[in-house]
Amino acid sequence: PQTIYLKDYTPFGYLIDGVELTFRLHPTATRVISRIRFRPNPDATDHRFFLHGEGLTLISAAIDGQTVTPDRTDTGLTCPVPDAPFVWEAEVEISPSTNTALEGLYMSNGMYCTQCEAEGFRNITYYPDRPDVMAPFSVRIEGDEKILLSNGNPGNSGTGFAEWHDPWPKPAYLFALVAGDLVNHPDTFTTRSGKKVELNIWVRPGDEGKCAFGMQALRDSMTWDEEVYGREYDLDIFNIVAVDDFNMGAMENKGLNIFNSSAVLASPETSTDTNFERIEAIIAHEYFHNWTGNRITCRDWFQLCLKEGLTVYRDSQFTSDMRSAPVKRISDVIALRARQFREDNGPLAHPVRPDSFVEINNFYTATVYEKGAELIGILKTLVGDNAYAKALDLYFNRHDGEACTIEDWLQAFEDATGRDLSQFKRWYEQAGTPRLSVADDFKDGTYTLNFEQKTPATPGQDIKDARVIPIAVGLIGPNGDEVHETTVLEMTGARQSFRFDGLSAKPIPSILRGFSAPVILEREITNAERAFLLAHDTDPFNKWEAGLSLARDGLIAMIHDGAAPDSAYLDAVQTMARDDSLDPAFRALALGLPSQDDLAQALYDQGHTPDPQAIWEALETLRHAKAQAMQDLAPRLYAQYQVTGPYQPNAEQSGARSLANAALAMITRLDGGAQAQRQYDNASNMTQQLAAWSCLLQAGKGEAATAAFYDQWQHDRLVIDKWFMLQILNADPAKTADTAARLTKHPDFTMKNPNRFRSTLGGLTASSAGFHHASGKGYELLANWLIRLDPLNPQTTARMCSAFETWKRYDSDRQVHIKAQLERILDTPSLSRDTTEMVTRILA
Ligand code: HT7
Ligand code: ZN
C-alpha cells in the first residue's frame, strides 16, 4: 500500500463553485447524479483532473454536456478537461444495503445514512475527496421514506422527494444524507443575535422518550459556545440522527450530525450516569465542530488535530463548566494515561500531527484527539486566558471558510501574543511522552527544584529536542499550610532549576498541579510525603495523584516483592474517604486503584516483566484489604450517599451514586453480595442496577441477575450491549476468553453491529489478565474475530488491533503467542489496507 506524506501536499488543480447531487434511493441500486461546476485553481501548479471514486458503477459522464469516457482505476478517474470553467456531470450506481464497512452511503435497520469522514464520499460519487476542496452543496433526495434529510437548510419537498441547500462551502467529508421512517424530538433555540433555529433529534419510532437529555445538552452547548467562544450557530435548522450501526461515536456533518445511538439516546432506566455524561460531552463535541472543524476545516488529514484536539479541548471545558472541573480533569487524565500514554509507549506511537500515513482512518487516535487537546491546554497555560481568547478570535476571523494547517493556528497565537512558538511546535512534531524527573534541595531558606526532561525514542524518531513544559507548582509547609500558591514554571531546557526564596522550612512540593502538561513525572518521594499530599494538597488533581501513586507503589511491592497491602495507603485513603467536606465524586475517584494496564506499564518501566495474573491477584488482595479496613466506613458511606427523590443525571446525584457504589463494592467483598442483591432488586435506574449486578458477578453470585437482566432488557440493543460486556469484564481471568467465546455464540451476537462487536471483543481486550491469559486463548479468539470482521468492516477491525500494541512488554511465551496471531492476521488473503497497516506497525 502507498504511503502518503505531509511534505508532498499540493493544492488541487480546480476550485468548485457549486455541487448539485440527486439521489434516487434504492437499497441495492441507488443512483447518484452529480453536477459539479469546476474552474481552474489559480494557486495550483498541477492541473491534473483526478476524481476519487471507489466501488462505483459509472453509468455516464459528461463535460459541458458532452459525453466523455474517463480513464478509470480502482481509486478514481481522470479525463481531459477544458482550461476554463466547466461543468462535470456523472451518474453512478451504488448499493447501500450491502455496504457493511459503514463508510459512504449505507443502510442501518432499514434507514439510509452516510459516513463520509475521512474518505467515505468517494464511495458515493466521483469527487475530489480531500478536505481542502470546499463547495456549497444542493441536494435532492428521491425516495419513499418518510423523512429525507441532508445538510444545510430545507428547500422544496413533496411526496417522494426533498431538497436541501447548504450555503456554507464545505469539504465532502461533511456531507450527509439520511432517509428513513424516523420520528423527531423537536425544539427551538434562539441565538444571541435573535436567529431562531429549529432543532430536531431523529430516532426510530419507540426511541422518542430517550431524546430529552440530548436535546438539553445541545441547547446548553449552543449557549456555552456563544458565551465562552462568541460562536453562534449559522443555519436555520440543526438535525441530529441516531443510528444503530456506526463505527465511531458521532459525526459533525454540517447541520446534520449523525450519532451512534449509544451517544445520544438516554433514559434513567437504560443509561448509567457515565452514559449521560458521555452523551452530553459528545453532543457538545459535535456541535462545537461547527466552528472548529466545519467553518474552519483542515487543509489535509495530517492536520486532523487542528479540529479534533481543539474540539476535544473545548468539550472538556464545557463539561468542566457544566459539572465538576477537578473530577473532569482527573477523569481525562485517567483516560489519557490509559490510551494515549500507552500508545506513545509502543509501536503505534506517532506525533500529534503525523507526517505520513497509509490509511487515515488509523490516525483517529488518542494521540491526535487527547494529546492534541492537551496541547491546547499547554498553549493556554503558556499565553494566559486573555491572550488565548484574543488568539482564538483572530483565528476565527482570519480563517473563517478556509482549510487550515497547524502553522495557521500557531501563527494566530504568535500574532495575537507576540510570542515565538517554535519550541512549542515540537509538541506537534515529536512523538513520545516526555519523562520529567525532579530532585530538590533546601538551603538557607531557598528551596530549589531541579528538573530534567527526556523523551524516549519512538518509531522513526530517535532524537528528541527539549520541549517547552509548563510545570504548575505549589509548596506546602510542614504543618500542612500552603506556603507558596500555584505558580507556573516554564521549562524550556533539557535541564532547568527553579528557586523559591524566603521559606522558613523545607516544604513538600506539589508538582505538575492540574496535570499541567502530558508528561510522566519521576520523583523521589516517600510514602509519608504522599500521604501528606493526599491529606493537605489544595490542588485536587495532585491530591488524587498522591493517593494513586501510593496505591501503585504498594501494589508494585506486592507484585514484585510479595509485600502485604500497604497500611500507609489504607490509612490515608480511609482518612480521605471519611472527609465529608470532599466532593463525593472526587472521593469515589480517589478510592479507585490503578488499572491492570497501568501497573503492567509501571512494572515494565522499572525493568520487570509484568505478569498479568499476578497483577490481577494483587489488585484483588488490595481491594479485599481495603474492604476490611473500611468495614465500618463503607456501610456508613453507602447509607449516607443514597439519593432520594427523582433521578437526575447531574454531577451532584451522580457523584453521590458513584461513592455509594464504591462503598457497595467494598461491602460485597465482606457480605458475599447480600446488599448488592437488595440494590439489584430495588434498582430504579441503570446506574444502580448495573453497579449491583457487577458486584454480584464479582462475588460469583451473578447467575440469577444475569438471566433476569437479559429477560428485562432483551428488547433494548444498547442495554444488551452492557449485558455482553459486563459478563466478560467481571469474569475470572481464567474464564474471560471462554465467556467471550460463549457470548459470540449467543443469538444476539452479531459482528455487523460495531457496538455489539466492541462490547464483546472489546470486553475481552479490556480484561487485561483475561486477555493476556498464559494459554494464549484470548489472543486467538480476538484474532479469529478480527479475521472474520475485516472483509466486512476494516475500520473497526483495524482499530481493535491496538489491543496487541503492548505485546513487547510481556514474557517470551506470550510474545510468541501474540506474534503468531498477528502474523496469522497479516497472512489473511485480501486483508484490508487498514488492518494491514496496523498489524505491520505493531509487528515492526
Ligand atoms: N470527526 C469524526 C471522526 C470520524 C468518524 C466518525 C464516525 C464514523 C467514522 C469516523 N471517522 C472519523 C468524529 C469526531 O471526532 O467528532
Ligand atoms: Zn471530533
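Keep in mind that what you see is a predicted model, and the values were worked out from it rather than measured.

Asks: What exactly am I supposed to notice about unusual backbone geometry here?
Replies: Of all residues except glycine, most have a negative phi; of all peptide bonds, most are trans. Residue Glu117 is joined to Ala118 through a cis peptide bond whose omega torsion reads -5°. Relative to the elements of secondary structure, Ala118 occurs in the loop between β11 (111–115) and β12 (135–142). In this structure, Asp64 is a non-glycine residue whose phi angle is positive, near 50°. Structurally, Asp64 is set in the loop between β5 (57–63) and β6 (66–67). Residue class for Asp64 comes out partly exposed when judged on the 13 C-beta atoms lying within 10 Å of it.

Asks: I would appreciate a short explanation of the sheet that holds strand β4 (residues 50–52) in the present structure.
Replies: The pairing of strands in a sheet comes from backbone hydrogen bonds and takes either a parallel or an antiparallel form. Pairing is antiparallel across the open sheet formed by 3 strands, whose spatial order is β4-β8-β7. Sheet topology places β4 and β7 (71–72) at the edges, where each strand pairs with a single neighbour.

Asks: Would you take a moment to explain the nonpolar core for this structure?
Replies: Side chains of nonpolar character tend, in soluble globular proteins, to be buried together. Leu177, Val178, Val241, Ile258, Ala663 and Leu664 are the most contacted members of the largest nonpolar core, which has 246 residues in total. Top element by residues in this core is helix α10 (residues 540–561). It accounts for 10 residues. If we ignore the near neighbours within four places in the chain, the residues touching Ile258 are Cys113, Gln115, Ala176, Val178, Val241, Val243, Ala250, Met251 and Asn253.

Asks: How do you make sense of the UniProt feature "domain: Aminopeptidase N-like N-terminal" (unreviewed entry) in the protein chain when you look at a structure like this?
Replies: The UniProt record annotates "domain: Aminopeptidase N-like N-terminal" (unreviewed entry) at residues 90–174. Along residues 90–174 one finds 0% helix and 51% strand; the C-alpha atoms at either end are 21 Å apart.

Asks: Would you mind showing me how to read the packing of helix α22 (residues 754–766) against helix α24 (residues 777–789) here?
Replies: Helix packing for two helices is described by the angle between their axes and how far apart those axes are. Remark: α22 packs on α24, axes separated minimally by 10 Å, with the N-to-C direction vectors making an angle of 150°. One finds that α22 runs roughly antiparallel with respect to α24. Note on packing geometry: the crossing formed by α22 with α24 is left-handed. Of the residues in α24, those touching α22 at Phe757, Leu761, Leu764 and Thr765 are Gly778, Leu781, Leu782, Trp785 and Leu789. Split by residue class, the contact of α22 with α24 holds 7 nonpolar, 2 polar and no charged.

Asks: Help me out: how do you make sense of the domain arrangement of the protein chain in this one?
Replies: How big an interface is tends to be stated in terms of the accessible area lost upon association of its parts. One can read the domain layout of the protein chain as domain 1 (4–181), domain 2 (297–429), domain 3 (435–517) and domain 4 (716–844). Each side of the interface is counted separately: domain 1 has 12 residues, and domain 2 has 13 residues. Across the side of domain 1 that touches domain 2, the residue classes tally to 9 nonpolar, no polar and 3 charged.

Asks: Sorry if this is basic, but what is going on with the sheet that holds strand β19 (residues 237–243) here?
Replies: Strand order in this open sheet of 5 strands is β17-β18-β19-β21-β20, and the pairing throughout is mixed. Pairing within the sheet leaves two strands with one partner each, and these edge strands are β17 (183–190) and β20 (250–251). The sheet contact formed by β19 and strand β21 (residues 256–260) spans 5 bridges and is parallel. Across the sheet, the residue bridging to Asn239 is Leu256, located in β21.

Asks: Help me out: how do you make sense of helix α14 (residues 612–629) in this one?
Replies: Every α-helix carries 3.6 residues per turn, so stepping three or four residues along brings you back to the same face. Taking 1.5 Å of rise per residue, the 18 residues of α14 would be expected to cover 26 Å, and the 26 Å separating its terminal C-alpha atoms lies within 8% of that figure. Within the sequence span of α14, burial applies to Pro612, Ile615, Trp616, Ala618, Leu619, Leu622 and Lys626. Angular distribution of buried residues about the axis of α14 spans 160°; they occupy a single face of the element.

Asks: I'm lost on the site of ligand 1 in this one. Help?
Replies: In the region of ligand 1, 13 residues are neighbours, and Gln115, Glu117, Asn247, Met248 and Met251 sit closest. Every element with two or more residues in the shell around ligand 1 is listed here: β20 and α2 (273–288).

Asks: In this structure, what is going on with the pairing of β19? I would like to understand it.
Replies: Look at any regular strand and the pattern is simple: side chains alternate between the two faces of the sheet. Burial analysis of β19 places 6 of its 7 residues in the buried class, the great majority of the element. In the classification by handedness, the crossover that spans strand β18 (residues 196–203), the intervening helix α1 (residues 212–229) and the parallel β19 is left-handed.

Cut-off values and rules
- Residues numbered from 1 in each chain as written.
- Chains lettered and ligands numbered in written order.
- Predicted model: local features only at pLDDT ≥ 70, side-chain atom pairs only at ≥ 80, totals over all residues.
- Helix = DSSP H or I, 4+ residues; strand = E, 2+ residues; numbered from the N terminus.
- Buried ≥ 20, exposed ≤ 12 C-beta atoms within 10 Å, placed from the backbone.
- Pairing = 2+ DSSP bridges.
- Core = buried A, V, L, I, M, F, W, Y, C linked by C-beta atoms within 7 Å.
- Contact = placed C-beta atoms within 7 Å.
- UniProt positions renumbered as here; feature names shortened; annotations may be inferred.
- Axes fitted to C-alpha atoms, helices over the stretch in contact; angles between N-to-C directions.
- Parallel < 35°, antiparallel > 145°, perpendicular 65-115°, else oblique.
- Left-handed = near helix turned anticlockwise from the far one by under 90°.
- Nonpolar A, V, L, I, M, F, W, Y, C, P; charged D, E, K, R; others polar.
- Domains from an automatic or database assignment.
- Expected span 1.5 Å × (residues − 1).
- Arc of directions from axis to C-beta.
- Near = placed C-beta within 6 Å.
- Right-handed = clockwise from strand over helix to strand, strands pointing away.

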